[in-house]
Amino acid sequence: MPGRPGDGTGAAATAPACRKPGIFPPVSAALPSRPLGRTGVTVSILGLGAGRIGGPETTDADVDRLLGTALELGVTLVDTARSYGASEERLGRALEGRRSAVILSTKLGYGVPGVPDWTGPSVEAGVDGALARLRTDVLDVVHLHSCPREVLERGEVVDALHRTVRAGKVRVAAYSGENDALDWAVRSGAFGSVQCSVSLVDQGVLSGTVPEAAARGVGVLAKRPLGNAPWRFDRRPEAPDVAEAWERFGALGLGPAGEPWDALAARFTAFAPGVSAILLGTANPAHLASTARALAEGPLPPAVLASIHAAHARVGRDWAGRI
């Protein structure tokens, strides 16, 4: 089935009763917020990627704790997708009474029973289904999720997404994907925001697509900001996407980080010029909190950035974006 993607983009509300204060060390500074391009939407530089909360191992109580931590930290952006299992339904329940506290982003274009994928009806029915699952009257950002370029160029799915914007169901029409389809989306003028992989092992977009998006007023949400955290493994992992990240990371030959690689990677991506926010895919409140603390340290030192970019220029110029 073409374009079917896999897993991976307001004021804080009161934390839920089950959330005990003081579990995590405080963040030393408030998370900055940035405009999402010229859309009129403002997002925290750290967003919660909700792909990890869709499986049977996660409970509603887990999601409630995770969302409570996110709001306590100043995370105002939550990103999910039709393909993330029960993620949308669980978020809908967890957001009850605090929907106004977050910018809610989802991704669609496929998976509507009885409707062909990547058609106008699949997009419009997908928006209606997401509204119902997320228990909201409007979706802040809706991405066409890894839609192939040839489908984008036909115009049907783009027109359908814009109809949902005109109907008041969606605030920002967006695209999530990589490579030539991503480039087309940025240049088309059809989207207010895009989502793509940006990390130590996905630097290619930083020298072309991301700066062009910024110049055109298109927001950029960076998925996979840790690049699958390949430093966790001392041998090649079995999962193909993680194995590719592991190989790329090894080829970069970066020296000792001087801080945890997770923290360095998050800072690298979040403060890359043109990036509006990073989407940290996690179901772990402590992981979210530690990333917020890392971002409070600000951008990486120029010498560290220079060495990272030089390593990529040496070995990674031909690396394609990873879906």
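What you see is a predicted model; the values in this text were computed from it and never measured.

Asker: For this particular structure, what's the right way to read the overall build of the protein chain?
Answerer: Scanning the protein chain from N- to C-terminus turns up 11 helices and 10 strands. For 323 residues, the compact-globule estimate of 2.2 N^0.38 gives 20 Å, and the protein chain sits close to it at 19 Å. Referenced to the eigenvectors of the C-alpha coordinate spread, the extents of the protein chain come out at roughly 50 × 50 × 40 Å. Residue burial in the protein chain is summarised as follows: out of 323 residues, 54% are buried. Carbon and sulfur atoms make up 53% of the accessible area of the protein chain, which totals about 13300 Å². The average position of the 34 basic charges and that of the 33 acidic charges among the side chains of the protein chain differ by 3 Å.

Asker: Teacher, can you tell me more about the sheet that holds strand β8 (residues 193–197) here?
Answerer: The pairing of strands in a sheet happens through backbone hydrogen bonds and is either parallel or antiparallel. Taken in spatial order, the eight strands line up as β3-β4-β5-β6-β7-β8-β9-β10 and close into a barrel, and their pairing is parallel. Adjacent strand axes in the sheet meet at a mean angle of 25°, parallel and antiparallel pairs treated alike.

Asker: Explain the nonpolar core to me, please; I cannot follow it from the model alone.
Answerer: Nonpolar side chains tend toward joint burial in soluble globular proteins. One finds L46, L144, L152, V157, Y175, F191 and L200 to be the most contacted residues of the largest nonpolar core, which totals 85 residues. Ignoring anything within four residues of it in the chain, the contact list for Y175 reads H143, L144, S146, C147, L152, A181, L182, A185, F191, S193, V194 and Q195. Listed in part, the 11 residues of the second largest apolar core include V43, A174, L221 and L279.

Asker: Explain the confidence of the model for the protein chain to me, please; I cannot follow it from the model alone.
Answerer: Segments scoring low in pLDDT should not have their predicted coordinates read at a detailed level. Summary statistics for the protein chain give a mean pLDDT of 92 and a share of 91% for residues scoring 70 or more. Low pLDDT, under 50, characterises residues 1–23; the stretch is placed with 52 contacts to residues that sit more than four places away or in other chains.

Asker: Looking at this structure, I do not really get helix α8 (residues 240–252). What am I missing?
Answerer: Between its first and last C-alpha, α8 extends 19 Å over 13 residues, near the 18 Å set by a 1.5 Å rise per residue. Among all positions of α8, only V242, A243, A245, R248, F249 and L252 are buried. Those residues of α8 that are buried are in contact with α9 (261–270) and α11 (302–315). In the segment just after α8, G253 is the residue with positive phi, at about 60°.

Asker: Sorry, what's going on with the state of the cysteines here?
Answerer: Disulfide: a covalent bond connecting the sulfur atoms of a pair of cysteines. Evaluation of the coordinates by the stated rule reveals zero disulfides. C147 forms no disulfide, and the closest cysteine sulfur to it belongs to C196, at a distance of 16 Å.

Asker: Can you help me understand the pairing of strand β6 (residues 139–145) in this one?
Answerer: Each regular strand carries side chains that alternate between the two faces of the sheet. Across the seven residues that make up β6, a large majority, seven, are buried. Examined bridge by bridge, strand β5 (residues 103–108) and β6 share four bridges and lie parallel to one another. Counterpart to T106 in the pairing with β6 is V142. In terms of handedness, the path from β5 via helix α3 (residues 120–134) over to β6 forms a crossover that is right-handed. Where β6 lies against strand β7 (residues 170–176), six bridges are found, and the strand directions are parallel. Its bridge partner lying in β7, V142 is registered against A173.

About the cut-offs
- For every chain, the first residue of its written sequence is number 1, and the numbers climb from 1 along that sequence.
- Side-chain atom pairs in this predicted model are given and counted only at pLDDT of 80 or more, local residue features only at pLDDT of at least 70, and totals for whole chains, interfaces and linings cover all residues.
- Excluding hydrogens and water, the side-chain values take into account all heavy atoms of the structure.
- Each helix corresponds to a stretch of at least 4 residues labelled H or I by DSSP, and each strand to a stretch of at least 2 residues labelled E; elements are numbered beginning at the N terminus.
- Computation of the radius of gyration draws on C-alpha atoms, with the globule rule given as 2.2 Å multiplied by the number of residues to the power 0.38.
- Only protein chains enter the calculation, and the probe is 1.4 Å; a residue is then buried if its accessible area is under 20% of its type maximum, exposed if over 50%, and partly exposed in between.
- Methods summary: accessible areas were calculated by the Shrake-Rupley approach with a probe of 1.4 Å, and residue burial reflects only the protein chains presented.
- Here the positive residues are Lys and Arg and the negative ones are Asp and Glu; neither His nor the chain ends is included.
- Every charge is mapped to an atom, namely NZ of Lys, CZ of Arg, CG of Asp or CD of Glu.
- By definition, two strands form a pair when at least two bridges between them are found by DSSP.
- Each axis is a line fitted through C-alpha atoms, and for a helix only the stretch in contact is used; angles between axes span 0 to 180 degrees, taken between their N-to-C directions.
- By nonpolar core we mean a set of buried residues, namely Ala, Val, Leu, Ile, Met, Phe, Trp, Tyr and Cys, connected to one another through side-chain atoms within 4.5 Å.
- Contacts are assigned to residue pairs with any non-hydrogen atoms lying within 4.5 Å of each other.
- On a range of 0 to 100, pLDDT expresses the predictor's confidence in each residue.
- Expected helix span is taken as 1.5 Å per residue step, with the number of steps being one fewer than the number of residues.
- Sulfur atoms of two cysteines make up a disulfide when they are within 2.5 Å.
- For crossovers, right-handed means that the path from the first strand over the helix to the second runs clockwise, given strands pointing away from the viewer.

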